[in-house]
Protein chains: 2
Amino acid sequence: MSERFFLSSPPRDGHAVLDGQEARHLTRVMRCRVGDEVVVFDGGGSAWPARVARIGRDDVALEVGEPVHDPERSRGRVTLAVALPKGDRQKWLVEKLTELGVDSLVPLTTTRGVAEATPAAIERLERSVIEACKQCGRNTLMRIESPRGLDDVLAHCGVDTMSFLADGSGDPFDHSLVAGRPAVVLVGPEGGFTPEERAAAEALGATRLSLGPYILRVETAAIAAAARFA
Amino acid sequence: MSERFFLSSPPRDGHAVLDGQEARHLTRVMRCRVGDEVVVFDGGGSAWPARVARIGRDDVALEVGEPVHDPERSRGRVTLAVALPKGDRQKWLVEKLTELGVDSLVPLTTTRGVAEATPAAIERLERSVIEACKQCGRNTLMRIESPRGLDDVLAHCGVDTMSFLADGSGDPFDHSLVAGRPAVVLVGPEGGFTPEERAAAEALGATRLSLGPYILRVETAAIAAAARFA
């Protein structure tokens, strides 16, 4: 696979420009030269073969070929709403959910949550999404949504959406749950959801779902859900 | 859940001894005192409630209660044979496979593999298994086997075992594949299996299996397989 770069704005008339980190990645890390062939993607589902036309001080001009569009996927959209773990585990989580094809990640605000999803943290996560998309060949970015509480997430699901609460006391995952419908899976913090949160989720239609026989770390539960639903 | 400690030898006559890292964890990290109640497990499927009886310089004596044995699981054993990634990704892989219930991990020797499974590396992985078992409530250690090649792994599967090669060109995972039979999933290195390795695996009965629409990192592919089979 050719080296892939993220375009912050789509090509126009066969031309595109890389700037910021992407330009630095192309020139300083990959040491590309004028004439080298790469692939660019816009995060919205399209990719283009491209040729380096000019290397400037802070940007790189490219000539782009015909776009390749991602095929329509038959499954429903998958959203993971996760009480973010701290540090490296957070970065890991985002990388893996992106690779596995999750459509969007909601940082879930919970009573026992430990990591605050500040605007700076969200920006870091978005950068991790881009890095993972470059590496795994995904052309549509996983969306990082604004932090929200469980009630808010569940109250704004579409009527067609299946919603699940990852919980050791729930029924084991069953493949028949994945029926081409959109799905939302809520994953709580290290200490779990409070009884009040659990009750609220069930009142809003979420089904408790066990993701394995042992106590899973936050990021493991989220990745296990992604592997099954996305 | 009470704090859990790993016993390198099972209790005798209601007494057990923690030593090495486990004794240090109990005294220095958890700062337990005589009389404190904990749980000990032997890695073979049993756990015991225990009370700290004496704290020595290098070991801790415990009085143990009646054992709790893991229930028989109805599914077949799951083995992941993985071309180990490097550094932190290796540690992560082992932690996640343990949490998700994989029975054994074979460091897979491949043409394009990057990490050598030296005896020191295997020892570190075994320690990661213990740490993960302490945390996730698992009483049977995930076994880290000796490094082996693909031919050797496949040639020594039981007749009843289903074997799979994680490969983007394979058929998508289908839940009917998990039929209570033992399963072996082979996961190649970053650059993938060579055509020769792929052909050898298929000749030995392995089925190509795609674990998602994108190019997965080694540890992501292994964890995605674990979430589905284990």
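Look a little higher up for the structure.
The structure reproduced in this document is the subject of the present report. (Residues numbered from 1 in each chain as written. Chains lettered and ligands numbered in written order. Predicted model: local features only at pLDDT ≥ 70, side-chain atom pairs only at ≥ 80, totals over all residues. Heavy atoms only, no water.)

**So, the overall build of chain A**
- Across its full length, chain A holds six helices and 13 strands.
- Overall, chain A is about 60 × 35 × 30 Å in size when its C-alpha atoms are taken along their principal axes.
- The buried share of chain A, taken over its 230 residues, is 50%.
- Total accessible area on chain A stands at roughly 10,800 Å², and carbon and sulfur atoms take up 48% of it.
- The distance from the centre of the 28 positive side-chain charges to the centre of the 33 negative ones in chain A is 4 Å. (Helix = DSSP H or I, 4+ residues; strand = E, 2+ residues; numbered from the N terminus. Buried < 20%, exposed > 50% of the residue type's maximum accessible area, 1.4 Å probe, protein only. Areas by Shrake-Rupley, 256 points an atom, 1.4 Å probe, with all protein chains shown as cover. Lys, Arg positive; Asp, Glu negative; His and termini not counted. Charge placed at Lys NZ, Arg CZ, Asp CG, Glu CD.)

**A closer look at the relation of the copies chain A and chain B**
- When chain A is fitted to chain B, the best match, at an RMSD of 0.0 Å, comes from turning it 180° and sliding it 0.0 Å along the axis. Expressed as an axis order, the relation between the two copies is that of a two-fold axis.
- Here 100% of the interface residues in chain A have copies in chain B that are interface residues too; the copies meet face to matching face. (Least-squares fit on C-alpha atoms with pLDDT ≥ 70 in both. Contact = heavy atoms within 4.5 Å.)

**Concerning the environment of Arg77(B)**
All names here are of chain B.
- Of note, Arg-77 is situated in the loop between strand 6 (68-69) and strand 7 (78-82).
- Classification of Arg-77 by relative accessible area gives partly exposed; the value is 46%.
- Each C-alpha atom of the pair Arg-77 and Pro-107 lies 17 Å from the other, and the pair is 30 residues apart in sequence.
- Excluding residues within four positions of it along the chain, Arg-77 makes contact with Asp-103, Ser-104, Pro-182 and Ala-183.

**Topic: the interface of chain A and chain B**
- At the junction of the two partners, chain A supplies 27 residues and chain B supplies 27 residues.
- Here chain A packs against chain B, burying approximately 2,700 Å² in sum over the two surfaces, 58% of which is carbon and sulfur.
- Of all residues in chain A, Trp92(A), Tyr214(A) and Ile215(A) give up the largest surface area on contact with chain B, accounting jointly for 25% of the area buried on that side.
- Run the count over chain A and chain B and you get six salt bridges.
- Measuring nitrogen to oxygen at the nearest pair gives 3.1 Å for the salt bridge that ties Glu95(A) to Arg217(B).
- Along the contact surface separating chain A from chain B lie 16 residue pairs in polar contact (both at pLDDT 80 or more). (Buried area = accessible area lost by both parts, 1.4 Å probe. Salt bridge = Lys/Arg side-chain N within 4 Å of Asp/Glu carboxyl O. Polar contact = N/O pair within 3.5 Å; in protein donor to acceptor, adjacent residues only side chain to side chain.)

**Structural notes on the environment of Leu186(A)**
Residue and element names in this part refer to chain A.
- Mapped onto the elements of the fold, Leu-186 is located in strand 12 (residues 183-187).
- Sequence separation between Leu-186 and Pro-67 is 119 residues; the distance between their C-alpha atoms is 36 Å.
- Excluding residues within four positions of it along the chain, Leu-186 makes contact with Ala-81, Leu-108, Leu-150, Val-153, Leu-154, Phe-164, Leu-165, Ala-166 and Phe-193.

**Here's the deal with the packing of helix 2 (residues 87-99) of chain B against helix 6 (residues 218-229) of chain B**
Residue and element names in this part refer to chain B.
- It is the contact of helix 2 with helix 6, at a shortest axis distance of 10 Å, that shows an interaxial angle of 0°. When the axes of helix 2 and helix 6 are compared, the pair comes out roughly parallel. Residues Arg-89, Leu-93, Lys-96 and Leu-97 of helix 2 pack against Glu-219, Ala-222, Ile-223 and Ala-226 of helix 6.
- Residue classes in the contact of helix 2 with helix 6 are distributed as five nonpolar, no polar and three charged. (Axes fitted to C-alpha atoms, helices over the stretch in contact; angles between N-to-C directions. Parallel < 35°, antiparallel > 145°, perpendicular 65-115°, else oblique. Nonpolar A, V, L, I, M, F, W, Y, C, P; charged D, E, K, R; others polar.)

**Re the state of the cysteines**
Residues and elements named next belong to chain B.
- Per the stated rule, a full pass over the model turns up zero disulfides over all chains.
- Considering cysteine sulfurs only, Cys-133 is the nearest to Cys-32, which forms no disulfide, with 19 Å between them.
- Owing to a relative accessible area of 11%, Cys-32 belongs among the buried residues under this scheme. (Disulfide = S-S within 2.5 Å.)

**Notes on the side chain of Ser104(A)**
All names here are of chain A.
- Among the secondary structure elements, Ser-104 is positioned in strand 8 (residues 104-109).
- Within the structure, Ser-104 has its side chain in polar contact with the side chain of Glu-145 (distance 3.1 Å).
- Residues within four places of Ser-104 in sequence aside, it is in contact with Arg-77, Val-78, Thr-79, Leu-80, Met-142, Arg-143 and Glu-145.

**Quick look at unusual backbone geometry**
All names here are of chain A.
- Phi at Asp-13 takes a positive value of approximately 50°, unusual for a residue other than glycine.
- Mapped onto the elements, Asp-13 comes out in the loop between strand 1 (4-6) and strand 2 (15-19).
- Note on Asp-13: relative accessible area 74%, which makes it exposed.

**Description of the pattern of salt bridges**
- Here the structure, examined in full by the defined rule, presents 32 salt bridges over all chains.
- In the salt-bridge network here, residues are joined through shared partners; they are Arg89(A), Glu190(A), Arg217(A), Glu219(A), Glu95(B), Lys96(B) and Glu99(B).

**Some details on the packing of aromatic side chains**
- Enumeration over the complete set of coordinates arrives at seven aromatic pairs over all chains.
- Ring geometry for Trp92(A) versus Trp92(B): centroids 3.2 Å apart, planes at 15°, classification stacked. Placement of Trp92(A) in helix 2 (residues 87-99) and of Trp92(B) in helix 2 is noted, with the two residues assigned to different chains.
- The class for Trp92(A) is buried, based on a relative accessible area of 10%.
- Ring centres 5.1 Å apart and planes at 35° place the aromatic pair Phe164(B) and Phe229(B) in the tilted group. With a gap of 65 residues between them, Phe164(B) in strand 11 (residues 162-172) and Phe229(B) in helix 6 connect regions that are remote in the sequence. Of the two residues, Phe164(B) and Phe229(B), neither departs from the other in class, the shared state being buried.
- Grouped by ring-pair contacts, the aromatic residues Phe164(A), Phe173(A) and Phe229(A) constitute a single cluster. (Phe/Tyr/Trp six-rings, centres within 6.5 Å; stacked < 30°, edge-to-face > 60°.)

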